[in-house]
Amino acid sequence: MSGPVDTSVLFDAPGPRARLRNNALSLLALIAIVAVVYFVYLKFDEKGQWEGRIWEPFAEPSTWTEYIIPGLLGTLKAAGLGAVFALVFGSVFGLARLSDHRWIRVPAGAVVEIFRAIPLLLLIFFLAYLAPAVFGSGDYTLIALVAGLTLYNGSVLAEVVRAGVLAVPKGQSEAAYSIGFRKNQVMRMVLLPQAVTAMMPAIVSQLVVLLKDTALGYIIAYVDLLNYGFKIIPAVFFGSLIPAAIVIGVIYVGLNMTLSALATWLEKRSRRSRRTSVKPIPAAADIGE
Amino acid sequence: MNDLIKYAPDLAAGFLVNVELSLVCAVLSLIAGTVLVSLRVAPTPVLRTAAATYINIVRNTPLTLVLAFSALGLSDTLGLSFSKEPSTNAFWLVVLGLSAYTASFVAETLRSGINTVPLGQAEAARAIGLTFFQSLRMIILPQAFRAVIAPLGSVIIAMIKNTTVAMAAGYLAESAFVMKDTFDDTGVSIPIFIGLVLAFMAITLPVGFLAGRLARRLAVVR
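Keep in mind that what you see is a predicted model, and the values were worked out from it rather than measured.

About the thresholds
- Residues numbered from 1 in each chain as written.
- Chains lettered and ligands numbered in written order.
- Predicted model: local features only at pLDDT ≥ 70, side-chain atom pairs only at ≥ 80, totals over all residues.
- Helix = DSSP H or I, 4+ residues; strand = E, 2+ residues; numbered from the N terminus.
- Contact = placed C-beta atoms within 7 Å.
- Rg over C-alpha atoms; globule rule 2.2 N^0.38 Å.
- Nonpolar A, V, L, I, M, F, W, Y, C, P; charged D, E, K, R; others polar.
- pLDDT = per-residue confidence, 0-100.
- Core = buried A, V, L, I, M, F, W, Y, C linked by C-beta atoms within 7 Å.
- Buried ≥ 20, exposed ≤ 12 C-beta atoms within 10 Å, placed from the backbone.
- Expected span 1.5 Å × (residues − 1).
- Axes fitted to C-alpha atoms, helices over the stretch in contact; angles between N-to-C directions.
- Parallel < 35°, antiparallel > 145°, perpendicular 65-115°, else oblique.

### A closer look at the overall build of chain B
Secondary structure assignment for chain B yields 9 helices and 0 strands. Ordering the α and β elements of chain B from the N terminus gives α-α-α-α-α-α-α-α-α. In terms of overall dimensions, chain B has C-alpha extents of about 70 × 45 × 25 Å along its principal axes. Taking the intrachain contacts of chain B between residues at least 6 apart in sequence as the baseline, contacts between residues at least 24 apart amount to 77%.

What follows is the structure, given as structure tokens:
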């Protein structure tokens, strides 16, 4: 059997007529795209969105140092803490699900399955209202956000870890046992080192989801990039919502694309790697919110 | 427990809105995703680039930003309006944002499905003289869909859970908002939270089960 379809074989190498048709279609598509862009331009113009006044703040260094960078730091703080805790949670529960002991395996599986099924925003709201009831009043937005991100993404990562360890060929652990390794030596010295290489791309993809999910902090009034962009900046510089939305949108997309590119690079590298006998595990089908 | 019983009608009404949003967005995002993936693999380079750009940008943007932008940017600032009734308008803004977001993931999933279709299928389709759209419609996409039913199911499940983010677009009717509103009245209530989680599971688990079953039944034998 031949390999998978690459887009170029879905259609013939264009002959003279197809080239003509392609060029005509390209032209039409370009006209359509230009028309859409022009329509957006007109709409912006109609509502006065091109006025220099509302764009000027973003050329001032003080806007960046006072609003955008603190917002970005808020987002990165939540994402960093969430990532660290989620990785710990994921490793612990992923390995616990592989335990030989039923009393560890079953509860760990239940925790992972339940937290994966809860809509993340419901979980974050619940934690944000639960924390003051348990620990007394205070600002728990960061804690609720990080805890929610940890429980949800940690559960997804637990599945990645489990899949990674299970994907190591059986011969590896059999060989390790046969030369007299103990259970935890097999895991620590044979299975995990190979599994980690195969898991890396999927883990980084999940971190992209986690970074996107920090934006939920906006809804519980955690002061992150989205909050600065959509609430604070438009309040300070009246009318500059659209410019602010575009600026922070570019920042989010840039950050996530960098991380995604890292995941792709890691996947290519791990496919070539001779240090592991495991193929990279596919990323969890998770679209984030 | 008393809180759950007392507020059950409100919560149920809110949850029904989530179901409604899910149904509308599932249909729209599957259609839009199919159109996007067709453009993504089209022979015309401009269309391919346009679709790829859209998919890459939207996939890397937080849904909360997409929804907040459709309400504050598109509607409030630029004057896009679906209805004079504010809540109807907000409903369709959520549908717009959530479908636009989910469509990019549907398109990516379908593209990985297209990648599972063997080369010979596309070559055979061309050999019998099918045009690009004929081969896409009759040969490639049907097999691609059947290969990715399970991942598409996961995307739809995630979309159902994402309907809770609707309040970012100022649509204050679905269950996450009702829960928050109730907590403002009564303080945190564990039964209410568990009740809602179970309600979501009552939808997402069967969808996942159905997708898994369909994926097995419709898998293309190669």
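We are not done yet, so read on.
### A look at the overall build of chain A
Helix and strand counts for chain A stand at 10 helices and 0 strands. Each helix and strand of chain A, placed in order from N terminus to C terminus, yields the pattern α-α-α-α-α-α-α-α-α-α. Relative to a compact globule of 289 residues, whose C-alpha radius of gyration would be 19 Å, chain A shows 25 Å and is clearly more extended. Based on the C-alpha atoms only, the size of chain A along its principal axes is roughly 75 × 75 × 30 Å.

### Examining the interface of chain A and chain B
If you look at the interface, chain A gives 50 residues, while chain B gives 59 residues. At the level of elements, α1 (16-46), α5 (120-135), α9 (225-236) and α10 (241-272) of chain A are the ones that each hand at least two residues to the side of chain A that touches chain B. The dominant element in the side of chain A that touches chain B, judged by the number of residues it contributes, is α10 of chain A, at 9 residues. For the side of chain A that touches chain B, the class distribution of residues is 35 nonpolar, 9 polar and 6 charged.

### Things to note about the confidence of the model for chain A
In this model, chain A carries an average pLDDT of 89, and 97% of its residues clear a pLDDT of 70 or more. Per-residue pLDDT, averaged within each element of chain A, yields its smallest value for helix α2 (residues 52-55) of chain A (82) and its largest for helix α6 (residues 141-167) of chain A (95).

### Looking at the environment of Phe105 of chain B
Along the chain, the position of Phe105 of chain B falls in helix α4 (residues 86-114). On a C-alpha basis, the gap between Phe105 of chain B and Ile156 of chain B in space is 9.7 Å, while along the polypeptide they are 51 residues apart. Once residues lying within four places of it in the same chain are set aside, the contact partners of Phe105 of chain B are Ile287 of chain A together with Arg59 and Val155 of chain B.

### Some remarks on the nonpolar core
Leu122, Ile124 and Phe125 of chain A together with Ala68, Val94 and Ala169 of chain B are the most contacted members of the largest nonpolar core, which has 150 residues in total. With 15 residues, α4 of chain B is the single largest residue contributor to this core. Not counting chain neighbours up to four residues away, the residues in contact with Phe125 of chain A comprise Ile220 of chain A together with Ala176, Met179 and Lys180 of chain B.

### Side note on α1 of chain A
Residues and elements named next belong to chain A. Taking 1.5 Å per residue as the helical rise, α1 with its 31 residues ought to reach 45 Å, and the 44 Å between its terminal C-alpha atoms agrees with that figure. Here α1 lies mainly on the outside; 0 of its 31 residues are buried. A positive backbone phi angle near 70 degrees is found at Gly48, which sits one or two residues after α1.

### Focus on the packing of α1 of chain A against helix α2 (residues 45-59) of chain B
Describing two packed helices takes the angle between their axes plus the distance from one axis to the other. Two elements in contact, α1 of chain A and α2 of chain B, have axes separated by 8 Å at closest approach and are oriented at 40 degrees. Classed by the angle they form, the pair α1 of chain A and α2 of chain B counts as oblique. Touching Ser26, Ala29, Leu30 and Ile33 of chain A of α1 of chain A are Pro45, Val46, Leu47 and Ala50 of chain B, all from α2 of chain B. In the contact of α1 of chain A with α2 of chain B, the residues fall into 7 nonpolar, 1 polar and no charged.

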